[in-house]
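Next come the chains, spelled out residue by residue.
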Amino acid sequence: MSNLKAGFARLDITPPLGVRMAGYYFERLAEGVIAPLLVNALAFSDEEKTAVVLSCDLLGVYNDEFRKWPADIAAAAGIPTEAVFLCLTHTHTGPVVLGTREPSDPQYDAWLHRRLCDAAVMAIRDLKPITSIRATESESKGIAFCRRFKMKDGRYQTWGNYIDPDIVEYASVPDETFRLVRIAREGGEELALVNFQLHPDTTSGNLISPDYPGVLRDLVEQAHPGTKCVFLDGAEGQMGSTDWWHGSDGRLSGPAGAERVGKILAKDVLAAYDDVKPVEGDGVRFGQTTRVCKTKLDPENLEAQMAEADRLIYIHEHGNELEEIGPDWICTPLIAEAYQLRRMNAANLTEVLMPVSAVTVGGLAFLGLPGEPFCEIGVHIRENSPYPVTCVCCQTNSCEGYYPTAEAYDQGGYEPRNTRYPKGIGEILMEMGDELLRSI
């Protein structure tokens with residue numbers, strides 16, 4: 001650890017009231033603030049190489065503009081573009097930012113861009129010698145549930161009626177593990193990193209909130225003064241905080257739902273706080289690999305494909321979805337896919353350049369996937385990583401949608417419908433993640 005340094009910076013990125021909020025398929029305008037949105041920046045250096053990991057309380061940035069941000073952050077910080085690891089917590093009570101169906105606020109977009117650059121610069125200026133990196137993996141039960149189910153009639157669906165009697169089994173096993181990493185610094189605050197995989201979609205409504213990650217951060221920092229807690233959302237593609245089948249979550253919604261999840265996760269993190277063991281390793285490394293991936297657009301059947309998409313969107317915007325399409329868990333996947341197809345067709349997007357990113361410090365690795373991978377993808381990458389501790393992070397350096405496994409793709413439901421890619425994309429990302437971590 002003698003040559004390793006770490007820095008930290010935290011800035012408020014809360015938008016003004018009146019901005020459109022991201023995460024659902026209807027308009028929401030921000031009416032107030034429950035808690036501020038933050039960007040937490042971590043800088044790592046070994047005196048030869050420097051990298052920055054930024055965790056932002058945002059849902060997603062869904063166009064090529066987001067791909068430019070790491071380069072801009074790198075230029076401001078004086079480091080290579082591949083050394084910037086920009087990941088999002090995926091809160092559903094944050095602002096629309098660049099490139100989604102809804103218009104964003106250009107003034108906020110520009111200000112946010114500058115704040116991210118500033119955070120990286122400030123974290124590098126805060127670099128202090130690392131005296132230890134210690135970590136542990138444990139579990140937090142009863143807050144992360146698979147939101148996909150097999151029904152009595154044999155079909156699979158995402159969501160359903162609460163305590164739905166037609167559910168016969170979960171479509172997959174939830175990943176309830178978390179990784180806690182404690183980085184002690186000479187003359188600086190200790191950094192506590194928590195990597196857990198769950199949609200921050202418990203708050204809902206029209207109030208700005210970081211959702212449960214904000215509750216977690218506050219509770220850890222209150223329990224350990226002089227510590228800064230950073231949340232890194234993992235492979236959360238099919239993980240939700242509602243137990244639709246058994247109702248064990250008590251169906252808390254709004255701020256109370258976020259409090260419930262954040263408090264349980266914080267309790268389990270704090271219970272494991274002294275179980276951390278040294279993580280050995282030297283040096284700072286970083287890299288990115290890309291691969292061209294085909295999208296769902298079907299050139300041979302494009303006219304019929306788009307006609308059906310336009311029909312569904314027209315019903316969504318002007319008709320009665322329940323009568324003309326079906327209940328939410330049937331309608332929403334079809335509408336989501338229709339909008340995806342329309343956006344891809346408008347951009348003639350038959351292929352996408354898929355980036356996978358990594359930053360390592362000593363024996364700790366951050367592996368970033370550019371969207372929402374299913375939890376099996378995160379488990380696979382962690383188990384095959386050559387590093388003692390690997391934090392798989394979603395929505396990193398690009399946001400390209402859902403990545404279901406091949407098994408889930410065959411089952412159907414919201415995520416396979418809403419993905420931009422054909423079957424096999426999840427396995428491609430597993431392979432890319434494995435290769436990148438081995439190569440650096």
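One can find the structure itself at the top, above this paragraph.
These numbers were taken from a predicted model, which means no experiment stands behind them.

Re empty space enclosed by the protein
Inspection of every chain in the model, using the stated rule, returns one cavity of 30 Å³ or more. Taken as a whole, the largest cavity spans an internal volume of roughly 50 Å³. If one sorts the elements of the lining of the largest cavity by residue count, helix α9 (residues 406-411) sits on top with three residues. For the lining of the largest cavity, the class distribution of residues is three nonpolar, four polar and three charged.

A word on the pairing of strand β3 (residues 38-45)
Burial of β3 is extensive: eight of the eight residues sit out of reach of the surface. Side-chain alternation along β3 places L38, N40, L42 and F44 on one buried face and V39, A41, A43 and S45 on a second face that is also buried. Bridge count for strand β1 (residues 5-12) against β3 is eight bridges, and the pairing is antiparallel. Along β3, the bridge assignment pairs D12 with L38. Pairing of β3 with strand β4 (residues 50-56), which is carried by seven bridges, proceeds in the antiparallel orientation. Residue pairing for β4: F44 is matched across the bridge by A51. Where β3 folds back on β4, the antiparallel hairpin that results is connected by four residues, among which E47 adopts a positive phi of roughly 80°.

With respect to the packing of helix α1 (residues 64-77) against helix α2 (residues 106-125)
Following both chains from N to C, one finds α1 and α2 inclined at 45°, their axes separated by 9 Å at the closest point. Considering the angle they form, α1 stands oblique to α2. Pair α1 / α2 crosses with right-handed handedness. Between α1 and α2, the residues in contact are W69, D72, I73, A76 and A77 and L112, H113, L116, C117, A120, V121 and I124, respectively. When grouped by side-chain class, the residues that make up the contact of α1 with α2 number 10 nonpolar, one polar and one charged.

Describing the packing of helix α5 (residues 302-318) against helix α7 (residues 328-346)
At a minimum axis separation of 9 Å, α5 and α7 run at an interaxial angle of 125°. Classified by the interaxial angle, the pair formed by α5 and α7 is oblique. For the crossing formed where α5 meets α7, the hand is left-handed. Contacts from L302, Q305, M306, A309, D310, L312, I313, H316 and E317 of α5 reach α7 at L334, I335, A338, Y339, L341, R342 and N345. Taken together, the residues of the contact of α5 with α7 break down into 10 nonpolar, three polar and three charged.

Here we look at the sheet that holds strand β10 (residues 167-170)
An order of β9-β8-β10 is seen for the three strands of this open sheet, with the pairing classed as antiparallel. Both outer strands of the open sheet, β9 (156-158) and β10, are each paired with one neighbouring strand and no more. Averaged over all neighbouring strand pairs, the angle between strand axes comes to 40°, with direction disregarded. Looking at chain direction, strand β8 (residues 148-151) and β10 are connected through three bridges and run antiparallel. By the bridge assignment, M151 is partnered in β10 with I167.

Quick look at the environment of A77
Positionally, A77 belongs in helix α1. Considering only alpha carbons, one finds A77 and I124, 47 residues apart in sequence, at a separation of 7.6 Å. Excluding residues that lie within four positions of it along the chain, A77 makes contacts with A120, V121 and I124.

The rules behind the values
- The residue count restarts for each chain, going from 1 along the sequence in the order it is written.
- Whole-chain, interface and lining totals are the exception, using all residues; otherwise, since this is a predicted model, local features are given only for residues with pLDDT of at least 70 and side-chain atom pairs are given and counted only at 80 or more.
- Side-chain descriptors were evaluated using all non-hydrogen atoms of the structure, hydrogens and water having been removed beforehand.
- Of the two site types, the cavity is a set of points on a 1 Å grid over the protein atoms alone where a 1.4 Å probe fits but cannot get out, and the pocket is an open set with protein on both sides within 12 Å along at least five of seven lines, each lined by residues with an atom within 4 Å of a point.
- Grid points are joined across faces, edges and corners, and a volume is the space filled by probe spheres set on the points.
- The helix and strand labels rest on DSSP assignments: H or I over at least four residues marks a helix, E over at least two residues marks a strand, and numbering proceeds from the N terminus.
- In this classification, the charged set is Asp, Glu, Lys and Arg, the nonpolar set is Ala, Val, Leu, Ile, Met, Phe, Trp, Tyr, Cys and Pro, and all remaining amino acids, among them Gly, are polar.
- Only protein chains enter the accessibility calculation, which uses a 1.4 Å probe; a residue whose area is less than 20% of its type maximum is buried, one above 50% is exposed, and one in between is partly exposed.
- Each pair of strands is called paired provided DSSP finds at least two bridges between the two strands.
- With axes taken as lines fitted to C-alpha atoms, and helix axes fitted only over the stretch in contact, angles between N-to-C directions fall between 0 and 180 degrees.
- Note that the term roughly parallel is reserved for angles under 35 degrees, roughly antiparallel for angles over 145, roughly perpendicular for angles of 65 to 115, and oblique for everything else.
- Crossings are classed by handedness, with left-handed meaning an anticlockwise turn of the near helix from the far one by less than a right angle and right-handed meaning a clockwise turn.
- The contact definition used throughout considers only heavy atoms, calling two residues in contact when any of these lie within 4.5 Å.

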